[in-house]
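# Remarks on the overall topology
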Amino acid sequence: DTGVSQDPRHKITKRGQNVTFRCDPISEHNRLYWYRQTLGQGPEFLTYFQNEAQLEKSRLLSDRFSAERPKGSFSTLEIQRTEQGDSAMYLCASSLAPNTEAFFGQGTRLTVV
Amino acid sequence: SQQGEEDPQALSIQEGENATMNCSYKTSINNLQWYRQNSGRGLVHLILIRSNEREKHSGRLRVTLDTSKKSSSLLITASRAADTASYFCWFPQAGTALIFGKGTTLSVSS
């Protein structure tokens, strides 16, 4: 499968725990995006990378959220001290260049109990 | 970063009917793209129309672009239950993120 891969697909965690999600973009895609989506809403932009550089972060991305793309390939999104409000689908997407189509993964569904 | 605004927010039709949704934007664009999201899944790219194109077809999809009015429309002909999904428009801008609007939720009933 050469699409965007996200792991895990589902995560249930207790409030206060840390969680980390991984995204493997399509090979050679320079741009990588992270989104959060709750039921009935459109995807909310969190952050994006151009290669290994994090170019923009949404104000939604509080200090508890951090994202990395250390070698310009896969990326991780970590949420520290999770809260119930963090429960959502976290989507990752990649594109070859800024003006080209984006490919999305199937998402990681996070449930904080 | 700017985002498109889709209209209507919700649309309900019968199978076999056509569905039209619109997207408006406020800036100059290089191209405009439409995406579909089925419930609980990731988004899927449907079609890209460049700023120098006025109309583009892909299967049952027809997209138009009017750069003078800064608007685009997506027409789905002979809709099917499987077309039930949310539809989003997006246009890339140099140096900015991929930001989506609220989308149009299409419900096709049999």
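Residues numbered from 1 in each chain as written. Chains lettered and ligands numbered in written order. Predicted model: local features only at pLDDT ≥ 70, side-chain atom pairs only at ≥ 80, totals over all residues. Heavy atoms only, no water.

Next up on the list: the interface of chain B and chain A. Taken residue by residue, the interface counts 23 residues in chain B and 20 residues in chain A. Note on chain B versus chain A: buried area summed over both sides is about 1,600 Å², and carbon and sulfur give 50% of it. Run the count over chain B and chain A and you get zero salt bridges. Counting across the interface, chain B meets chain A through four residue pairs in polar contact (both at pLDDT 80 or more). Of all the secondary-structure elements, those providing two or more residues to the side of chain B that touches chain A are β4 (31-37), β5 (43-50) and β9 (85-90) of chain B. Here the side of chain B that touches chain A takes four residues from β4(B), the largest share from any one element. A per-class count over the side of chain B that touches chain A returns ten nonpolar, eleven polar and two charged. (Contact = heavy atoms within 4.5 Å. Buried area = accessible area lost by both parts, 1.4 Å probe. Salt bridge = Lys/Arg side-chain N within 4 Å of Asp/Glu carboxyl O. Polar contact = N/O pair within 3.5 Å; in protein donor to acceptor, adjacent residues only side chain to side chain. Helix = DSSP H or I, 4+ residues; strand = E, 2+ residues; numbered from the N terminus. Nonpolar A, V, L, I, M, F, W, Y, C, P; charged D, E, K, R; others polar.)

Another point: the packing of aromatic side chains. Here the structure, examined in full by the defined rule, presents twelve aromatic pairs over all chains. Each ring, one from Y35(A) and one from F45(A), has its centre 6.1 Å from the other, and the planes form 70 degrees; the classification is edge-to-face. Pair noted here: Y35(A) is in strand β4 (residues 31-37) and F45(A) is in strand β5 (residues 44-50), with a separation of ten residues, a long-range link. For F45(A), a relative accessible area of 8% gives the class buried. What links up through ring pairs into an aromatic cluster is the set Y33(A), Y35(A), F45(A), Y48(A), F104(A), Y35(B), F88(B) and F100(B). Across from the ring centre of F74(A), 3.9 Å away, lies the NZ or CZ of R22(A), which sits over that ring. (Phe/Tyr/Trp six-rings, centres within 6.5 Å; stacked < 30°, edge-to-face > 60°. Buried < 20%, exposed > 50% of the residue type's maximum accessible area, 1.4 Å probe, protein only. Lys NZ or Arg CZ within 6 Å of the ring centre and 35° of its normal.)

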